[in-house]
Amino acid sequence: MDLRDLARRRTTPEQRARLKRLAQWPPVGRVRLGSLKRTRPISRNYGWERGTPIDRFYIDRFLTQHTDDIRGRVLEIGDDEYTRRYGGDRVTHSDVLHAAEGNPSATIVADLADAPQIADASFDCVICTQTLLLIYDVPKAVATIHRILEPGGTALITVPGVSRICREEADEWGDYWRFTSDSATRLFADEFGAQNTTTTAYGNVLTATAMLHGLAAEDLKPKQLDDRDRDFEVLIGVRARRPA
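Overview of the structure. All of these numbers come straight from a predicted model, not from anything done at the bench.

Here is what the cut-offs are and how they apply
- Residues numbered from 1 in each chain as written.
- Predicted model: local features only at pLDDT ≥ 70, side-chain atom pairs only at ≥ 80, totals over all residues.
- Heavy atoms only, no water.
- Axes fitted to C-alpha atoms, helices over the stretch in contact; angles between N-to-C directions.
- Helix = DSSP H or I, 4+ residues; strand = E, 2+ residues; numbered from the N terminus.
- Parallel < 35°, antiparallel > 145°, perpendicular 65-115°, else oblique.
- Contact = heavy atoms within 4.5 Å.
- Nonpolar A, V, L, I, M, F, W, Y, C, P; charged D, E, K, R; others polar.
- Expected span 1.5 Å × (residues − 1).
- Buried < 20%, exposed > 50% of the residue type's maximum accessible area, 1.4 Å probe, protein only.
- Arc of directions from axis to C-beta.
- Core = buried A, V, L, I, M, F, W, Y, C linked by side-chain atoms within 4.5 Å.
- Salt bridge = Lys/Arg side-chain N within 4 Å of Asp/Glu carboxyl O.

1. Let's talk about the packing of helix H3 (residues 54-64) against helix H8 (residues 205-213)
Any two packed helices are characterised by the angle at which their axes cross and by the distance between the axes. It is at 9 Å that the axes of H3 and H8 come closest, and there the two elements cross at 125 degrees. With respect to H8, the element H3 is oriented oblique. Each of Ile 54, Asp 55 and Tyr 58 in H3 lies in contact with H8, whose residues at this interface are Thr 207, Ala 210 and Met 211. Here the contact of H3 with H8 is composed, by residue class, of four nonpolar, one polar and one charged.

Pasting the structure below:
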């Protein structure tokens, strides 16, 4: 009889379970959560007042990797911030789409899931960041993006993975979806073709926690932001090209 058998005979199941918990590190019930040990987030404004929101940091990283695609006639959703920042003099014409009247930046008012007023093959690039979660019929929105792109044109899309509810938008439009690399890839591959669709995911358990608490990218170290864990996708970026 070895020591483990002896220990099993001389301890009850409850004692063994307690010993197993005590053997964990950090000990169960003694994890130091510090400033995060709270039931309310540090910021409900995504961390804007602290610096750059985690998802915005990853959006910038994704678009930086694909700046050459932002050229010619470009459509962006909501405003033209990324068109100007990343397109520069490669952009010959910029349009902004918004779903309702009242946005002074909008040049097109339409529902992305049903936009017959936008002509086929109108744009060389479509930039659609953090928008599809607010559209119930996502496949129709993806079909519209495909239709309004010129052959050879490119869509640059970002969608949330681990994320809080977008309360203000939810109250106005509805907040319907969170995505994974698998779901985002399939949505666009079904429309654009698998060979024309590439997906990149960003995030890890630390940046996911930071995102939920409303911490900013400036609260973390570069290495912590760079680390990627496939099980904790904070942001998914999709590059989809309409075949020429």
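Continuing now.
2. A closer look at helix H7 (residues 181-192)
Between its terminal C-alpha atoms H7 stretches 16 Å, which fits the 16 Å expected from 12 residues at 1.5 Å a residue. Here H7 has its buried residues at Ser 181, Ala 184, Phe 188, Ala 189 and Phe 192. End-on, the buried residues of H7 take up no more than an arc of 120 degrees, which puts them together on one face. Seen from the buried face of H7, the exposed residues on the opposite side, beyond 90 degrees, are Asp 182, Arg 186 and Asp 190. For H7, the elements touching its buried residues are helix H5 (138-148), strand S5 (149-160), strand S6 (197-202) and strand S7 (235-241). Directly after H7, the chain includes Gly 193, whose backbone phi takes a positive value near 95 degrees.

3. Remarks on the environment of Asp 231
Along the chain, Asp 231 turns up in the loop between helix H9 (222-226) and S7. Residue class for Asp 231 comes out exposed when judged on its relative accessible area of 66%.

4. Thoughts on the nonpolar core
Of all hydrophobic cores here, the largest spans 58 residues; its most connected members are Ile 54, Leu 132 and Ile 157. The contacts of Ile 54, once residues within four sequence positions are left out, are Thr 207, Ala 210, Met 211, Leu 215, Ala 216, Ala 217, Leu 220, Leu 225 and Val 234.

5. Examining the pattern of salt bridges
One pass over the structure, following the stated rule, counts 13 salt bridges. A salt bridge links Asp 175 to Arg 178, with the shortest nitrogen-to-oxygen separation between them at 2.7 Å. In this structure Asp 175 comes out as buried when scored by relative accessible area, which is 17%. Here Asp 190 and Arg 186 are joined by a salt bridge, their closest N and O atoms 3.9 Å apart. Residue Asp 190 and its partner Arg 186 are both found in helix H7; the two are separated by four residues, about one turn of the helix. Just as Asp 190 is exposed, Arg 186 falls in that class too.

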